[in-house]
Amino acid sequence: MRNDSDQDRSGGEHGRPPHSPPLLPIEARRAAAWCAAGLLVAAVVAVGVWLCVELSAAVTPVLLALLGSALLGPLYRRLVAMHLNRSLAAGLTCAVLMIVVGGAGYIVISALVDTGDQIIASLKDAASDLTKHFGVAGNSLSDLATNAKTLVTKFGSSAASGLLAGVSIVGQFIAAAVLALLLTFFFLRDSDKAVRALHDWAPGNSAPRMEGMARRGFQSIEGFMRGTTFIALIDAICITVGLLILDVPGALGLGALVFVGAYIPYLGAFISGAVAILVAFADRGLVIALWALGVVLAVQVLEGHVLQPMIQSRTVQMHPAVVMLAITAGASVAGILGMLLSVPLTAAVSGVLHELRKHYAAGSDTDASEPDDTGPDGSASVPASS
C-alpha cells in the first residue's frame, strides 16, 4: 500500500518525459569542446610568450646555450668517448665554441664594416637607375639605403655621445654572452643529471616517453644547427667566389651577408641574394647583374636539391609555410633575434609532436606495459630517435 507522497512522486514522474532532449546537438557540443581546448592552449602559449619576453634577459642566454650545445654536442660526446673527464670535455667544447663563434663573428663583422659603405653606395646607384624605369620602387630603395646609412651614423654618434647608454648596452651583451657560455658548459656536462631529474619528476611511468620526446626535440635542434651552418658556409663560399670572378665590389661583405642570412630560411637567402644582384647591377651593369642572378640561382638550386636532402635530417624538414609563419612570429616578438631563434625552436616542437604522434599511433598502453623500457637500475633505456 503506497502513501500519498509515493503517489505524488509517481504522478510527477509520469508527467515528465523520461529522456529530455539535450539543448545542443552532439556536433555542436564537440565543436564547443574543441574551441575551449584551443582557447586554453592559446592562453597558455600567450602567457608563456609573455613570460619569455618579460624575462628575456634570462631566457635569451638559455636559448643561445641550447643552440651552442646542439651545435657542438657531437664534439663533446666524442671527447667523452675518448675517456676525458666530463668537465674537461665540456670546457674544451666551450673553448672551441668561443673560437668558432668569435672567429666567424669577427670575419663577418669586419667584412661588412669594410665593404658596408661600398655596398650602400652601390644600392643607392642601383636605386637611381631603377628610378628611371620603375619610379616609386627605385625611390623606395634609395630611401631604404639612405635610412640605413643614417641609422648607422646615428647609432655611432649616439654610442659616442651617450657613453653611459653605450656602456650599458655593451655590458648587457657581455653579461648575456658569458651567461650563455656558462650555461653551455653546464648543459653539456650535466646532461645525464638532467635525464635522471626528468625520471624523478615524471609522473607515473611516463618517464621513458618524456625522455624520448626530449631527445627527439634536442636532436631536431642539433640537425638544424649543424645542417644550417654547413649549408650557410657552402652558400657563402660559392656566392663569394662567383662575385669575385664577376669582379663585383664588396664581394666579401656580400658573402658574409649570405652566411648570416642563411640562418633565416627562405627570407634571408632572398634578401642577401637580392642585395648582391643590385650591387652587381649598379657597378657592373645589366649583363653582370644577370650573371650574378645566375650565380645566386645556381647556389639556391644546389642547396635545395643537393645540400638540403644530403645534410639536413628528416626530423628538421618542415613545410615552407610553417617556417615563414615561425619567422614572422619570431620577428613580431623579438625582432631579428626572434627570427634567428624561431626556426630551431619550431624544429624542436615539430620533433616533439612527431614523437607524440608516433606514441599515440602505436598505443600508449603498449608502451606503458613493456618491461624492457627500463634497465635494472630503474633508468630509461629509450634509444635516441634518428
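Residues numbered from 1 in each chain as written. Predicted model: local features only at pLDDT ≥ 70, side-chain atom pairs only at ≥ 80, totals over all residues. Heavy atoms only, no water.

1. Some remarks on the overall build of the protein chain
Rules: Labels follow the DSSP assignment, with helices taken as runs of H or I lasting at least four residues and strands as runs of E lasting at least two, numbered in each case from the N terminus. Relative accessibility under 20% of the residue-type maximum defines a buried residue, over 50% an exposed one, and the middle range a partly exposed one, all with a 1.4 Å probe and only protein chains included. Note on contacts: a residue pair is in contact if any heavy atoms of the two residues lie within 4.5 Å. Surface accessibility follows the Shrake-Rupley procedure with a 1.4 Å probe radius. Residue values consider only the protein chains on display as shielding.
On a plain count of helices and strands, the protein chain comes out with 13 helices and 0 strands. Listing the helices and strands of the protein chain from first to last along the sequence gives α-α-α-α-α-α-α-α-α-α-α-α-α. For the protein chain, buried positions account for 31% of its 386 residues. Taking contacts inside the protein chain between residues at least 6 apart in sequence as the whole, the part at least 24 apart equals 71%. Carbon together with sulfur atoms contributes 70% to the accessible area of the protein chain, which is approximately 23,600 Å² in total.

2. With respect to the packing of helix H10 (residues 267-284) against helix H11 (residues 286-311)
Just so we agree on the cut-off: In this analysis, axes come from line fits to C-alpha atoms, helices being fitted only over the stretch in contact, and the angle between any two N-to-C directions falls in the range 0 to 180 degrees. Throughout this description, any angle smaller than 35 degrees is read as roughly parallel, any larger than 145 degrees as roughly antiparallel, any in the 65 to 115 degree range as roughly perpendicular, and the remainder as oblique. Handedness of a crossing follows from how the near helix is turned relative to the far one, being left-handed for an anticlockwise turn of less than a right angle and right-handed for a clockwise one. Each residue is assigned to one of three groups, with Ala, Val, Leu, Ile, Met, Phe, Trp, Tyr, Cys and Pro labelled nonpolar, Asp, Glu, Lys and Arg labelled charged, and all others, Gly among them, labelled polar.
Viewed as axis vectors pointing N to C, H10 and H11 meet at an angle of 160°, and their least axial separation amounts to 7 Å. By the angle between their axes, H10 is roughly antiparallel relative to H11. The chirality of how H10 crosses H11 is right-handed. Residues Ala 269, Gly 273, Ile 277, Ala 280, Phe 281 and Arg 284 of H10 form the contact with H11, whose own contacting residues are Leu 286, Ile 288, Ala 289, Ala 292, Leu 293, Val 296 and Gln 300. Classifying every residue of the contact of H10 with H11 by side-chain character gives 10 nonpolar, 2 polar and 1 charged.

3. Overview of the pattern of salt bridges
We apply this condition: Note on definitions: salt bridges are taken to be side-chain nitrogens of Lys or Arg within 4 Å of carboxyl oxygens of Asp or Glu.
All chains considered together, the criterion is met by 9 salt bridges. Ionic pairing is found between Glu 355 and Arg 209, a salt bridge with its closest N-O pair at 3.0 Å. Here Glu 355, found in helix H12 (residues 320-362), pairs with Arg 209, found in helix H8 (residues 207-245); they are 146 residues apart in sequence, far enough to count as distant. Relative accessible area serves as the criterion here: at 23%, Arg 209 is assigned to the partly exposed category. Two residues, Glu 222 and Arg 226, come together in a salt bridge whose shortest N-O distance is 3.6 Å. Within this pair, Glu 222 and its partner Arg 226 are both found in helix H8, separated by 4 residues, close to a single helical turn.

4. Points about the packing of H8 against H12
Packed helices, taken two at a time, are described by their axes: the angle between them and the distance between them. At a closest axis distance of 8 Å, the pairing of H8 and H12 adopts a crossing angle of 145°. Regarding H8 and H12, the two cross each other, and that crossing is right-handed. Contacts between H8 and H12 involve Arg 209, Gly 212, Met 213, Arg 216, Gly 217, Ser 220, Ile 221 and Phe 224 from the first element and Val 343, Pro 344, Ala 347, Ala 348, Gly 351, Val 352, His 354, Glu 355, Leu 356, Lys 358 and His 359 from the second.

5. Looking at H10
For the record, the criterion: Take the residue count of a helix, subtract one, and multiply by 1.5 Å to get its expected span.
Here H10 contains 18 residues, and its C-alpha end-to-end distance of 26 Å stays within 8% of the 26 Å for a straight helix at 1.5 Å per residue. Regarding H10, the residues found buried are Gly 268, Ser 272, Gly 273, Val 275, Ala 276, Ile 277, Val 279, Ala 280, Phe 281 and Ala 282. Residue Gly 285 follows H10 closely and has a positive phi angle near 95°.

6. A word on the layout of surface pockets
To keep things clear, this is the line we draw: The rule is simple: put a 1 Å grid over the protein atoms alone, call a set of points where a 1.4 Å probe fits but cannot get out a cavity, call an open set with protein on both sides within 12 Å along at least five of seven lines a pocket, and count a residue as lining if it has an atom within 4 Å of a point. Grid points are joined across faces, edges and corners, and a volume is the space filled by probe spheres set on the points.
For the second largest pocket, the calculated volume is near 890 Å³. Around the second largest pocket sit 26 residues that line it, and Ser 191, Val 195, Ala 214, Arg 215 and Phe 218 are the ones nearest its centre. At the level of elements, helix H3 (56-81), helix H6 (163-189), helix H7 (191-201), H8 and H12 are the ones that each hand at least two residues to the lining of the second largest pocket. For the lining of the second largest pocket, the element with the highest residue contribution is H8, accounting for 8 residues.

7. Description of H12
Note the threshold: One fitted axis covers the seven residues ending at a residue, a second covers the seven starting there, and the bend at that residue is the angle between these axes.
Taking 1.5 Å per residue as the helical rise, H12 with its 43 residues ought to reach 63 Å, whereas the 28 Å between its terminal C-alpha atoms falls clearly short. Ala 334 marks where H12 bends most, by close to 145°.

8. Concerning a nonpolar patch on the surface
The test is simple: Each patch groups residues whose relative accessible area exceeds 30% and which form no salt bridge, using 9 Å between like charges and 5 Å between nonpolar side chains of Val, Leu, Ile, Met, Phe, Trp and Tyr.
A grouping of Val 62, Phe 173, Ile 174, Val 178, Leu 182, Phe 186 and Phe 187 is seen on the molecular surface, where their side chains present a nonpolar patch of about 650 Å² in accessible area. Along the chain, Leu 182 falls in helix H6.

9. Quick notes on the packing of aromatic side chains
Definition in use: The pairing test for Phe, Tyr and Trp rings, Trp by its six-membered ring, is centres within 6.5 Å, and the orientation test on the planes gives stacked under 30 degrees, edge-to-face over 60, and tilted for anything in between.
Tallied over the full model, the rule gives 2 aromatic pairs. Here the aromatic rings of Phe 185 and Phe 186 are separated by 5.4 Å at their centres, their planes lie at 75°, and the arrangement is edge-to-face. Residue class for Phe 185 comes out buried when judged on its relative accessible area of 17%. Ring geometry for Phe 259 and Tyr 263: centres 5.9 Å apart, planes at 80°, overall edge-to-face.

10. Let's talk about the UniProt feature "transmembrane region" (unreviewed entry) in the protein chain
Rules: UniProt positions are given in the numbering used here, feature names are shortened, and annotations may be inferred rather than shown by experiment.
When the UniProt feature table is mapped to this numbering, "transmembrane region" (unreviewed entry) covers residues 31-51, 57-76, 88-109, 163-188, 223-246, 252-278, 285-302 and 322-349. As a span, residues 88-109 carries 100% helix and 0% strand, and end to end its C-alpha atoms are 31 Å apart. The distance from the first to the last C-alpha atom of residues 223-246 is 34 Å, and the span holds 96% helix and 0% strand.

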